[in-house]
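Listed below, chain by chain, are the residues.
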Amino acid sequence: MMFLVLLVLLASSCLQLGHGSSFKLVDSNGYTISSANTFGLLLFEGRTVCDDYFSDNSAAAICRDMGYSGTSSWWTFNRYEHVQRWDRQRYYAIGLDDVVCTSPVWSSCTWSRTHNCKHGEDIFLTCQHNAVHGGWSSWSSWSPCVIESACQGSQSRSRSCTNPAPGRGGRSCTGSASEVRSCSTGSLQNGGWSEWGDWGSCNCDHSTGVGTWTRFRSCDNPSPACGGQSCSGSSTDTGSCNHACCQTTHGGWSEWGDWSTCSCDYTSETSLWTRSRECDSPVPSCGGSECVGQGQETTSCNHQCEWCS
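Residues numbered from 1 in each chain as written. Predicted model: local features only at pLDDT ≥ 70, side-chain atom pairs only at ≥ 80, totals over all residues. Heavy atoms only, no water.

## Here we look at the overall build of the protein
The following threshold applies: Secondary structure elements follow DSSP: runs of H or I of four or more residues count as helices, runs of E of two or more count as strands, with numbering from the N terminus. When checking whether two residues touch, look at their non-hydrogen atoms; a contact exists if any pair is within 4.5 Å.
From N to C terminus, the protein includes three helices and 16 strands. Long-range pairs, those at least 24 residues apart, make up 69% of the contacts in the protein between residues at least 6 apart in sequence.

Structure follows, in structure tokens:
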């Protein structure tokens, strides 16, 4: 008994669930049956399945595992009683026995790879399903308008064949999965100038004291659209800003002033008088250079002094 349970567990681990499983139906010539509502011999991994413990649940679970709806009918036939129609049974070994399913789902089933049955107990099965014809989903929202020229463009929307999706040999949807229509974002609009912006920095020519500055405006009040004309005229304006400029003036010496009173030094018997001038004729300005030379000069005035002998 323990050996039998172990074999059942090992068998369970080898079966692959889902469509395209190890089960299939064959006709009396041994050809695989690919459509529903066709009577055929049930094979598992190329071997027959015995009817021990087989039930309606077992039949439905196997049909579903092969991709059908699960509705089914099943029989056992003795090959000796139907030898001319099903003599091909004798070419197959017996693969599964004791298939027990507690519900119409294959995961509920147990089975054994060992058997104590004969081909007279092989399972013949008819799996049924109704074709599901495809149906369109609702249209999606229109995409944003993609402008191609002069405010004219196109937008699209789509749908899918998923309501329901075609299945079980049903027809796909007829018609297009997408459509396109033309669109526009507005009417023709000519451009208009904005107000002038502030004047920029004054650009001064200090050699002449002349200055200019510039201001700008934009063609966006409103912007031209949908084939409308752009603004006429210039987007820049240049004006004078002489008041903000200075002319470079280099410094110049004034005339020399009068000589000072002679200063006699009786200790050293030397004398000096001085005179000065200013760098104000003109005063240097606006980056002009200072005067070159000295603003003061001295000379001897000994003849103005009386020295003690």
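## Side note on the packing of aromatic side chains
The following threshold applies: Classification of ring pairs rests on two measures: the distance between centres of Phe, Tyr or Trp rings, Trp counted by its six-membered ring, which must be within 6.5 Å, and the angle between planes, read as stacked under 30 degrees, edge-to-face over 60 and tilted in between. Counting as a charge over the ring demands two things of the Lys NZ or Arg CZ atom: a distance within 6 Å of the ring centre and an angle within 35 degrees of the ring normal.
A full pass over the atoms with the stated rule returns eight aromatic pairs. Within the aromatic cluster, the residues linked to one another by ring pairs are Phe 23, Phe 44, Trp 106 and Trp 111. We note Arg 159 situated over the ring of Trp 136; from NZ or CZ to the ring centre the distance is 4.1 Å. Above the plane of the ring of Trp 193 lies Arg 217, whose end atom (NZ or CZ) is 4.1 Å from the centre.

## Quick look at the confidence of the model for the protein
Our working rule: Note: pLDDT gives the predictor's confidence per residue, expressed from 0 to 100.
When the pLDDT values of the protein are averaged, the result is 82; 86% of them are 70 or greater. Highest mean pLDDT in the protein belongs to strand β13 (residues 236–240) (93); lowest belongs to helix α1 (residues 2–14) (35). Low pLDDT, under 50, characterises residues 1–20; the predicted model gives this stretch 25 contacts beyond four residues in sequence or across chains.

## Focus: the sheet that holds strand β11 (residues 203–205)
How we decide: Two strands make a pair as long as DSSP finds a minimum of two bridges between them. As a rule, the C-alpha atoms of each element are fitted with a line to give its axis, helices using only the stretch in contact, and angles between N-to-C directions run from 0 to 180 degrees.
One open sheet holds the three strands; their spatial order is β11-β12-β13, and the pairing between them is antiparallel. Among the strands making up the open sheet, the edge pair consists of β11 and β13. Strand-to-strand, the axes of this sheet are offset by a mean angle of 20°, without reference to chain direction. Both strand β12 (residues 210–216) and β13 contribute to a ladder of five bridges, which runs antiparallel. Looking at β13, one finds that Arg 215 is bridged to Asp 237.

## Focus on the sheet that holds strand β14 (residues 263–265)
Strand order in the open sheet formed by three strands is β14-β15-β16, with antiparallel pairing between adjacent strands. Since the sheet does not close on itself, it has two edges, and those belong to β14 and β16 (296–299), each with one partner. On average, each strand axis in the sheet is tilted by 25° relative to the strand beside it, whichever way the strands run. Direction of pairing for β14 relative to strand β15 (residues 270–276): antiparallel, over a ladder of three bridges. Within β15, the position partnered with Ser 263 by the bridge is Leu 272.

## Thoughts on the state of the cysteines
As a reminder, the rule being used: Disulfide: a pair of cysteine sulfur atoms within 2.5 Å of each other. For each residue, the accessible area found with a 1.4 Å probe, counting protein chains only, is set against the maximum for its type, and the residue is called buried under 20%, exposed over 50%, and partly exposed in between.
Tallied over the full model, the rule gives 12 disulfides. Bridging Cys 63 to Cys 127, the disulfide has an S-S length of 2.0 Å. Across the S-S bond linking Cys 63 and Cys 127, the dihedral sits near -85°, which makes this disulfide left-handed. One end of the pair, Cys 63, is in helix α2 (residues 56–65); the other, Cys 127, is in strand β7 (residues 123–128), with 64 residues separating them in the sequence. Assigned by exposure class, Cys 63 and Cys 127 land together as buried.

## Remarks on the nonpolar core
Just so we agree on the cut-off: Side-chain atoms within 4.5 Å are what join buried Ala, Val, Leu, Ile, Met, Phe, Trp, Tyr and Cys residues into a set we call a nonpolar core.
With 23 residues, the main nonpolar core has Phe 23, Leu 42, Val 49, Met 66, Trp 106 and Leu 125 as its most contacted residues. Listed by contribution, the elements that provide at least two residues to this core are β1 (23–26), β2 (40–44), α2, β5 (94–101), β6 (109–112) and β7. Here the element with the most residues in this core is α2; it accounts for four residues. Excluding residues that lie within four positions of it along the chain, Val 49 makes contacts with Phe 23, Leu 42, Phe 44, Phe 54, Leu 96, Val 99, Glu 121, Asp 122 and Ile 123. Core analysis: the second largest hydrophobic core is formed by six residues, Val 26, Leu 41, Leu 43 and Phe 124 among them.

## Quick look at the pairing of β2
The element β2 is largely enclosed, with a buried count of five among its five residues. Taken together, the four bridges between β1 and β2 define a ladder with antiparallel strand orientation. Following the sheet pairing, Lys 24 is matched in β2 by Leu 43. Sheet topology places β2 next to β7; two bridges connect them, and they run antiparallel. Paired with Gly 40 across the strands is Leu 125, a residue of β7. With two bridges connecting them, β2 and strand β3 (residues 47–49) associate as antiparallel partners. Note on β3: the bridge partner recorded for Leu 43 is Thr 48.

## Some thoughts on unusual backbone geometry
Cis geometry marks the peptide bond from Asn 163 to Pro 164; its omega dihedral reads 0°. One can find Pro 164 in the loop between β9 (152–158) and β10 (178–184). Cis geometry marks the peptide bond from Ser 281 to Pro 282; its omega dihedral reads 5°. Mapping Pro 282 onto the fold places it in the loop between β15 and β16. Notably, Glu 45 is not glycine yet its phi reads approximately 55°, a positive angle. A relative accessible area of 44% means that Glu 45 is categorised as partly exposed. A positive phi angle is found at Asp 98, which is not glycine, with a value near 55°. Tracing the chain through its elements places Asp 98 in strand β5. The class of Asp 98 is partly exposed, set by a relative accessible area of 21%.

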